Every structure is written in C-alpha cells, then in structure tokens.
Amino acid sequence: MSEELENKFLELCAKYPAGLNQQMMEMGLGHKMEDVAKVINNLLKQGRLLIHQNPDETTSYREVNPEDQMKFRGLGAEDFLIYQLIETSGNNGAWTRELKQQSGYQQVQITKILKILENRKLIKAVKSIQSGRKKVYMLYNMEPSRDVTGGTLYGGDQSYDHQYIQIMKMHIKTFVENKGAVDLSDIMTYLRKVAEEATSQSLGPEDIQALVNTVIYDGDIEEMRDTRMGALMGRRSGILYKPTKTSIPVNNFCNMPCGNCPVFEICSDDGIISPKKCVYFQQFLDQTDDLDF
Ligand code: SF4
C-alpha cells in the first residue's frame, strides 16, 4: 500500500515539476493525508524530496534528480530552508545576513548549515565585487551574475585582472594605430574576437568602453568627431578614436612618496621624521637623479 502510494506520489510530483502542494495531493492521490505524510517523511529522509516554503506560508514538494539524491540524504528541515533561500536568490547569491533575517536562525546555526551544504556541493561561496568582495552563497551549478563577478575584467578572485587588462589595452592601441580612425563598434567587433580566441570569454559593451577610456587616459588614443554620413544621420555614435598626436609628459612629482605618506603632517626638516632620514624620499631622489623637473 505505501509503495503504491509512494509511486503515485512521485508520478504526481513529475506532473507538477514546479512543486506539489497540499491541494494537489488531496485531489490527485485520493488518500488520507496521514498516509501521504508518512510517504513524504520517508522520501525526505532518503533525500528524494525537496521541501519549499511558499510566500503564502504553504508548503510544496519537488522530487530531487536521481543524481542529486545522495547530496540531500539526511538533511533536516533547517538545512532545506537555507538551501531554498539560497536557491531563491538565483545568480546574485544570498548574503549570510539576508539568510539570518529571512530564516530567523542564529549566526552559528547558519554557519553550520552553510558548511554542510558546501561540503555536499549543493551550494558554493562566491566573492562578490559589491560590498568589498564579501562572500555570497548560490547553488553549486549556478553561474554568478555580472553584478557578482564584475564581468570579464575581473579575475577568478574578483579582483581586477591586471594582466588581462594590459593585453586588451595593447590590442586597442595597436588596432587604432593600424586603422587610423575607428569607432567603438569597430573596436568592439575586433576586441570580442580577440577576447574569445584568447579566453573563450566575451567582453560586454561596458567592459570595452572602460578599456577604451583607460587607453585615452594613458594618452595613447584620443577622441575626434565622426563626420561620416552614418554618424551625421545618427546611425553611429558620432565619435571616432584615433592615435594621439600629443604625448603626455611624465610628471615626476606625481611619483613623490610624500603625496600619500601617512606621517606627512609630522614630517619636517628638523623633526624626528624628516626628508633627510626618510628612505622613501631618498629612493625617489635616487630614481630621479638624472631627470629634469
Ligand atoms: S619625506 Fe618621507 S616621511 Fe616625510 S612626508 Fe615624504 S615620504 Fe613621508
């Protein structure tokens, strides 16, 4: 009898992949709810069923894929709730603080549950570029959103990938030098091809514009007005990029260590801290010995 009910229950789960609620069970199974509850408890213990707490306070159930059943086996209701909250957060992930607020559990309990779910490879922690690279939690197979990773210009540890940025900047500079004058869409087409060949990642328009801007700030390319017909008709951005004619002179005063020195205020000629005794200042003078100011 219970095996027959279990099969009927799982068939009904397959019919409603988004979740099976009490009303569906009552109508679809035609059995007493005490018997159904026994089947549910049994399936939960075996890791074959996922509980979902709906916003209207009702509960629904979903069958777990056979390959994931081992991962869910033996989890308690608290573990399932945290898993569900993380699942709901999607590819933006959930902060520990949010999990605490939404579940009402203590921090210690949440930390313990997160460890269990991480060890079972049901969730993963991802450093988010928002809020100082704090960790957010998302389902193990979820691809983090661009808001979390920062896009292609960030490395795996969510800090700027300086080497990658330098290579892409060099490509932009060389491309503009070779072509003479190009607009952003030309740079995009070229750079996306290069980026995909090099890393199989694709650069977004914001990434490319940010890179182009840094090449401008470096003084390697500059903007000019696009007077071609397409631009005048509003079908192009109206801006072209060309190699710069003016090279930006290096200002060695910018490299002085005093500019961001934490003891600048108490540094004086005759003080305990003074330029005469300062190793950083001496290093700066050594580097600039041969240069004119
Ligand atoms: S001389 Fe040295 S200690 Fe004094 S302000 Fe400059 S960096 Fe700081």
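Residues numbered from 1 in each chain as written. Predicted model: local features only at pLDDT ≥ 70, side-chain atom pairs only at ≥ 80, totals over all residues. Heavy atoms only, no water.

We apply this condition: UniProt positions are given in the numbering used here, feature names are shortened, and annotations may be inferred rather than shown by experiment.
The name an unreviewed UniProt entry gives the protein chain is DNA-directed RNA polymerase III subunit RPC6, with Dictyostelium purpureum as the organism. The record held by UniProt for the protein chain lists under Subcellular location (unreviewed entry) the comment "Nucleus".

As for the overall build of the protein chain
The cut-off we apply is this: Put simply, DSSP marks the helices as runs of H or I at least four residues long and the strands as runs of E at least two long, and each gets a number from the N terminus on. Each residue is assigned to one of three classes by its accessible area relative to the maximum for its type, calculated with a 1.4 Å probe on protein chains only: buried under 20%, partly exposed between the two thresholds, exposed over 50%.
Along the protein chain, the regular secondary structure elements total 13 helices and seven strands. Evaluated residue by residue, the protein chain yields a buried proportion of 35% over its 293 residues.

Side note on the site of the ligand
Rules: Any residue with a non-hydrogen atom lying within 4 Å of a molecule or strand is treated as near it. Following the grouping adopted for this structure description, the nonpolar residues are Ala, Val, Leu, Ile, Met, Phe, Trp, Tyr, Cys and Pro, the charged ones are Asp, Glu, Lys and Arg, and the polar ones are all others, Gly among them.
Neighbouring residues of the ligand: Pro257, Cys258, Cys261, Phe264, Cys267, Ile273, Pro275, Cys278 and Phe281. Its residues assigned to classes, the shell around the ligand shows nine nonpolar, no polar and no charged.

Comments concerning the environment of Lys245
In this structure, Lys245 sits in the loop between strand E7 (239–243) and helix H13 (279–288). Residue classification places Lys245 among the exposed positions, given a relative accessible area of 74%. Placed 25 residues apart in sequence, Lys245 and Asp220 show a C-alpha to C-alpha distance of 8.5 Å.

Considering a nonpolar patch on the surface
The cut-off we apply is this: Patches here: salt-bridge-free residues with over 30% relative accessible area, like charges joined within 9 Å, nonpolar side chains (Val, Leu, Ile, Met, Phe, Trp, Tyr) joined within 5 Å. Note on areas: Shrake-Rupley, 1.4 Å probe, and residue coverage restricted to the protein chains presented here. Within this document, salt bridges are pairs made up of a side-chain nitrogen of Lys or Arg and a carboxyl oxygen of Asp or Glu, the two lying within 4 Å of each other.
A grouping of Val263, Ile266, Ile272 and Ile273 is seen on the molecular surface, where their side chains present a nonpolar patch of about 380 Å² in accessible area. Turning to its location among the elements, Ile266 is positioned in the loop between E7 and H13. Ile266 sits in the exposed class, given a relative accessible area of 56%.

Here we look at the pairing of strand E3 (residues 59–63)
Where we set the bar: Any two strands with at least two DSSP-identified bridges between them are counted as paired.
As paired strands, strand E1 (residues 20–21) and E3 are joined by two bridges and run antiparallel to one another. Looking at E3, one finds that Asn21 is bridged to Ser60.

A look at the nonpolar core
Nonpolar side chains in soluble globular proteins generally cluster together in the buried interior. To keep things clear, this is the line we draw: Here, nonpolar core means buried Ala, Val, Leu, Ile, Met, Phe, Trp, Tyr and Cys residues that are tied together by side-chain atoms lying within 4.5 Å of each other. Domain delimitation follows an automatic or database domain assignment. When checking whether two residues touch, look at their non-hydrogen atoms; a contact exists if any pair is within 4.5 Å.
Among the nonpolar cores identified, the biggest contains 36 residues, and Phe9 and Ile82 are the most heavily contacted of them. Counting contributing residues, this core receives three or more from each of domain 1 (2–72) and domain 2 (77–149). Apart from the residues lying within four places of it in its own chain, the contact partners of Phe9 are Leu20, Met25, Leu29, Val36, Val39, Ile40, Leu43, Leu49 and Tyr61. Counting 20 residues, the second-largest nonpolar core is a separate cluster that includes Tyr164, Ile165, Ile208 and Leu211.

Section: the packing of helix H1 (residues 2–15) against helix H2 (residues 22–29)
Stated precisely, the cut-off is as follows: The convention used is that axes are lines fitted to C-alpha atoms, helices contributing only their stretch in contact, and that angles between N-to-C directions extend from 0 to 180 degrees. Here the angle decides the label: under 35 degrees means roughly parallel, over 145 means roughly antiparallel, 65 to 115 means roughly perpendicular, and every other value means oblique. Rotating anticlockwise by less than a right angle from the far helix to the near helix defines a left-handed crossing, while the corresponding clockwise rotation defines a right-handed one.
Orientation of H1 relative to H2, taken along the N-to-C sense of each, is 125 degrees, at an axis distance of 11 Å. By the criterion of interaxial angle, the relationship of H1 to H2 is oblique. The way H1 lies across H2 gives a crossing that is right-handed. Judged by residue contacts, Leu5, Lys8, Phe9 and Leu12 of H1 engage Met24, Met25, Gly28 and Leu29 from H2. Along the lines of polarity and charge, the residues of the contact of H1 with H2 split into six nonpolar, one polar and one charged.

Considering the packing of H2 against helix H3 (residues 33–45)
Relative orientation of the contacting elements H2 and H3 amounts to 110 degrees, with a least axis distance of 11 Å. With respect to H3, the axis of H2 lies roughly perpendicular. Two packed elements cross with a definite hand, and for H2 against H3 that hand is right-handed. Where H2 approaches H3, its residues Gln22, Met25, Glu26 and Leu29 are matched on the opposing element by Met33, Val36 and Ile40. Of the residues contributing to the contact of H2 with H3, the split by class is five nonpolar, one polar and one charged.

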